[in-house]
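The residues making up each chain are set out below.
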Amino acid sequence: SLATWVDDAWSILLPGWSGNPIPVPVPRESRSWLSSTLDAWPNARQPLSDLKARRGLAIYRESLNAERHYSVAYASLGFYKVLEMGYSRQKLRNWIEETIPQIDQKQINLRDIEKEIGKSTSKIADFLCNEARNAIVHAMRHPTIDPDNASQSRRLSLVLPLFQILARKFIKEE
């Protein structure tokens, strides 16, 4: 989970043993920039002692994995679960409404979200905390999202990057 957080990229925990009794770096997908798992990095960091923070990072990692495998609904739900760790639903809605204006416009194009959902941060916060959350969590209660219906999934796809930015900001600051 720490590697996922530092690289802000998906990762998968797999069981295994290389047969070497001495820990050695395991090769991974190469990138054009430095990575968190170069050489001694895995042994230089200690696991987080705060269990809540560890759980938040683990859920964040799982959300990135879901996004990587095109599961927009489960990625969104995971990022929402990270946010939900610290607030009741109403306090979370208020935090989102206060936080959206602070987001760097280079990170996300809020105009597309505003066109689809509404221009006010209040409407966006309501959508994230109520409609989007409920549509993912509940299969038979309104609102729902049919994963096979592209027009229904489109709205959720639009807000997925916002969910991720908010979850990352929440982990950093809260």
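The structure this text deals with has already been given above.
These remarks concern the structure in this document. For clarity, every value in this text was computed on a predicted model and none was experimentally measured.

1. Side note on the nonpolar core
Of all hydrophobic cores here, the largest spans 38 residues; its most connected members are Ile-96, Ile-113, Leu-128, Leu-162 and Phe-163. Looking at this core, the elements with two or more residues in it are α3 (51-68), α4 (72-84), α5 (89-99), α6 (110-117), α7 (121-137) and α8 (150-173). Residue contributions to this core peak at 10 residues, all from α8. Ile-113 has contacts with Ile-108, Gly-118, Ile-124, Leu-158, Val-159 and Leu-162, leaving out every residue within four places of it along the chain.

2. Points about the pattern of salt bridges
Tallied over the full model, the rule gives eight salt bridges. Here Asp-126 and Arg-93 are joined by a salt bridge, their closest N and O atoms 2.5 Å apart. Here the residue Asp-126 occupies a position in helix α7, and Arg-93 occupies one in helix α5, the gap between them amounting to 33 residues. Salt bridges linked by common partners bring Glu-116, Glu-131, Arg-154 and Arg-155 together as one network.

3. Some words on the packing of aromatic side chains
To describe a pair of aromatic rings, you give the distance between the ring centres and the angle between the ring planes. Here the structure, examined in full by the defined rule, presents five aromatic pairs. Each ring, one from Tyr-80 and one from Phe-163, has its centre 6.4 Å from the other, and the planes form 85 degrees; the classification is edge-to-face. Residue Tyr-80 is located in helix α4, and its partner Phe-163 is located in helix α8; the two are separated by 83 residues in the primary sequence. Taken individually, Tyr-80 and Phe-163 each receive the classification buried, so the pair is uniform in this respect. Measuring from ring centre to ring centre gives 5.7 Å for Tyr-87 and Phe-170, while their planes differ by 65 degrees; the resulting arrangement is edge-to-face. Linking Tyr-87 in the loop between α4 and α5 with Phe-170 in helix α8, this pair joins segments that are 83 residues apart in sequence. Residue classification places Tyr-87 among the partly exposed residues on the basis of a relative accessible area of 22%. By way of ring pairs, the aromatic residues Tyr-87, Trp-95 and Phe-170 are connected into one cluster.

4. Notes on the environment of Arg-155
Note on placement: Arg-155 falls in helix α8. Among the residues examined, Arg-155 registers a relative accessible area of 23% and is labelled partly exposed. Residues Arg-155 and Ile-113 lie 42 residues apart in sequence; the distance between their C-alpha atoms is 8.0 Å.

5. Examining α3
Its 18 residues give α3 an end-to-end C-alpha distance of 26 Å, which sits within 8% of 26 Å, the value for a rise of 1.5 Å per residue. Considered for burial, the residues of α3 that qualify are Gly-56, Leu-57, Ile-59, Tyr-60, Arg-61, Ser-63, Leu-64, Asn-65 and Ala-66. Backbone nitrogen of Lys-52 and a side-chain oxygen of the N-cap are separated by 3.0 Å at the start of α3; the cap is Asp-50. Backbone geometry just after α3 places Tyr-70 at a positive phi near 65 degrees.

Calculation rules
Residues numbered from 1 in each chain as written. Predicted model: local features only at pLDDT ≥ 70, side-chain atom pairs only at ≥ 80, totals over all residues. Heavy atoms only, no water. Core = buried A, V, L, I, M, F, W, Y, C linked by side-chain atoms within 4.5 Å. Buried < 20%, exposed > 50% of the residue type's maximum accessible area, 1.4 Å probe, protein only. Helix = DSSP H or I, 4+ residues; strand = E, 2+ residues; numbered from the N terminus. Contact = heavy atoms within 4.5 Å. Salt bridge = Lys/Arg side-chain N within 4 Å of Asp/Glu carboxyl O. Phe/Tyr/Trp six-rings, centres within 6.5 Å; stacked < 30°, edge-to-face > 60°. Expected span 1.5 Å × (residues − 1). Polar contact = N/O pair within 3.5 Å; in protein donor to acceptor, adjacent residues only side chain to side chain.

It is worth stressing that arrangement in space is one thing and function is another; only the former is reported here.
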